Amino acid sequence: MGAIACGRPSAPLRRGRSGAAWGDGPASLEIQYRRVTSGSAIDDLHGAPHGGPFHTALRSAITARGLSLERLHERLAAAGLRVSVSTLSNWQRGLSRPSRPQSLRAVAELERVLGLAAGSLGGLLDAPVHRGRRLPAPAPGTPVLPASRLRARMGVPAEPELDILAVQDEVTVTGTGWVATTRTVVRARRSGVARHVVLSHVGGDALPEIRAGRDCTLGRVRTDRAAGLVAAELLFGPLGRGETFAVKHAMTANEPEPYYGHWFRTAGQRYELTLRFDPGAGARRAYRIWRLDARSPHRDVVRLRLIDGRLAHFADFDLSPGFHGIRWTGREP
């Protein structure tokens, strides 16, 4: 199930339909995305699975060692490798990745400087990044053309009017589906902006119901049932340029969903997700998941502890682009 705030490059998309199968074996439980603040990150990276992602492993190692990008730049330069600070920043944020021979030599030197096992970072670059041609998505996703048409029907401008600063989701999973409340903090790029458009996608036949929260009202609603899409306007008082506002809305889905999260198109945003499981929908296991784009498979980032046996939670304050969420498995009968 999903919702994206339309008309800006940072638009997040929430989806909750199952796609590719996940295993519960040890490899799937490796930490691939966690932001680590202690030396334990180094131990995790020694066994990091070769599926990546490279940028989050690099960022965790840098954080664990407490080295600045300027210092890493100097250490690489001392080894005869010229890599700019901006390039290092792009590598750790997932905006670009090493591919040239000198860049790959720099990755090997980074492993040495960061105290990692040889190949622990370089091995994460083994998975090819396909560019220049469209590949089949590994799981059913948001249909691009119908979504574009629906945004056009809602009059969403090509130039973004709002920046997304933070998203907070609280989801209650029931025996028949889930109920979600979303709080989105936006900032106006121009004066007079008075709406926020959300686009939701589900894989089943039943479209979710969208309701406006406090401080806004529900405007136009448009659907494309064949594509599993619904778009809705959330209306509020006009904002001045640079003003921020918290837009709240709720959604109800009437079919069981094994994962939930948001798409983030740009880096640097804040996201918090809480999943609560009703007694009739108890989870056996929960995992934080991530995928870079529709051409990449979901990957387990880390297994999440079920707090009190019924609640899963994570928060991240400097997201890399991609889909971020939680998947869960049901209790054994």
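Residues numbered from 1 in each chain as written. Predicted model: local features only at pLDDT ≥ 70, side-chain atom pairs only at ≥ 80, totals over all residues. Heavy atoms only, no water.

Q: Can you walk me through the pattern of salt bridges in this structure?
A: Pairing is possible between side chains of opposite charge, provided their charged atoms come close. Summed over all chains, the structure comprises 13 salt bridges. In this structure, Asp163 engages Arg189 in a salt bridge whose closest nitrogen and oxygen atoms are separated by 2.7 Å. Linking Asp163 in strand S2 (residues 162–173) with Arg189 in the loop between strand S3 (178–188) and strand S4 (193–201), this pair joins segments that are 26 residues apart in sequence. Linking Glu170 and Arg276 is a salt bridge whose minimum nitrogen-to-oxygen distance equals 3.1 Å. (Salt bridge = Lys/Arg side-chain N within 4 Å of Asp/Glu carboxyl O. Helix = DSSP H or I, 4+ residues; strand = E, 2+ residues; numbered from the N terminus.)

Q: Honestly, the sheet that holds strand S12 (residues 299–304) in this entry has me stumped. Any pointers?
A: The pairing of strands in a sheet happens through backbone hydrogen bonds and is either parallel or antiparallel. One open sheet holds the 4 strands; their spatial order is S9-S14-S11-S12, and the pairing between them is antiparallel. Each of the sheet's edge strands pairs with one partner strand only, and the pair in question is strand S9 (259–264) and S12. Strand after strand, the sheet turns through a mean of 20 degrees between neighbouring axes, direction not considered. Of the strand pairs in this sheet, S9 and strand S14 (residues 322–330) are connected by 6 bridges, and their pairing is antiparallel. Bridging across to S14, Tyr260 finds its partner in Ile326. (Pairing = 2+ DSSP bridges. Axes fitted to C-alpha atoms, helices over the stretch in contact; angles between N-to-C directions.)

Q: What am I meant to see in helix H4 (residues 85–93) here?
A: An α-helix turns once every 3.6 residues. As a result, residues three or four positions apart point the same way. Buried residues of H4: Leu88, Trp91 and Gln92, and no others. End-on, the buried residues of H4 take up no more than an arc of 90 degrees, which puts them together on one face. Positive phi shows up at Gly94, right after H4, with a value of about 80 degrees. (Buried < 20%, exposed > 50% of the residue type's maximum accessible area, 1.4 Å probe, protein only. Arc of directions from axis to C-beta.)

Q: For this particular structure, what's the right way to read helix H5 (residues 101–113)?
A: For H5, built from 13 residues, the straight-helix expectation of 18 Å at 1.5 Å per residue is met to within 8% by its first-to-last C-alpha distance of 19 Å. Here H5 has its buried residues at Ser103, Ala106, Val107, Glu109, Leu110, Glu111 and Val113. Looking at the buried side of H5, the elements it contacts are helix H2 (54–65), helix H3 (69–78) and H4. (Expected span 1.5 Å × (residues − 1). Contact = heavy atoms within 4.5 Å.)

Q: So what exactly am I meant to see when it comes to the packing of aromatic side chains here?
A: What characterises a pair of aromatic rings is the spacing of the ring centres plus the angle enclosed by the ring planes. Enumeration over the complete set of coordinates arrives at 7 aromatic pairs. Judged by centre distance (4.9 Å) and plane angle (90 degrees), the rings of Trp178 and Tyr260 are edge-to-face. You can see Trp178 sitting in strand S3 and its partner Tyr260 sitting in strand S9, a full 82 residues away along the chain. Like Trp178, the residue Tyr260 is buried in the burial classification. Cluster of aromatic residues (ring-pair linked, three or more members): Tyr259, Trp263 and Phe323. Taking NZ or CZ as reference, Arg288 lies 4.1 Å from the ring centre of Phe314, over its face. (Phe/Tyr/Trp six-rings, centres within 6.5 Å; stacked < 30°, edge-to-face > 60°. Lys NZ or Arg CZ within 6 Å of the ring centre and 35° of its normal.)

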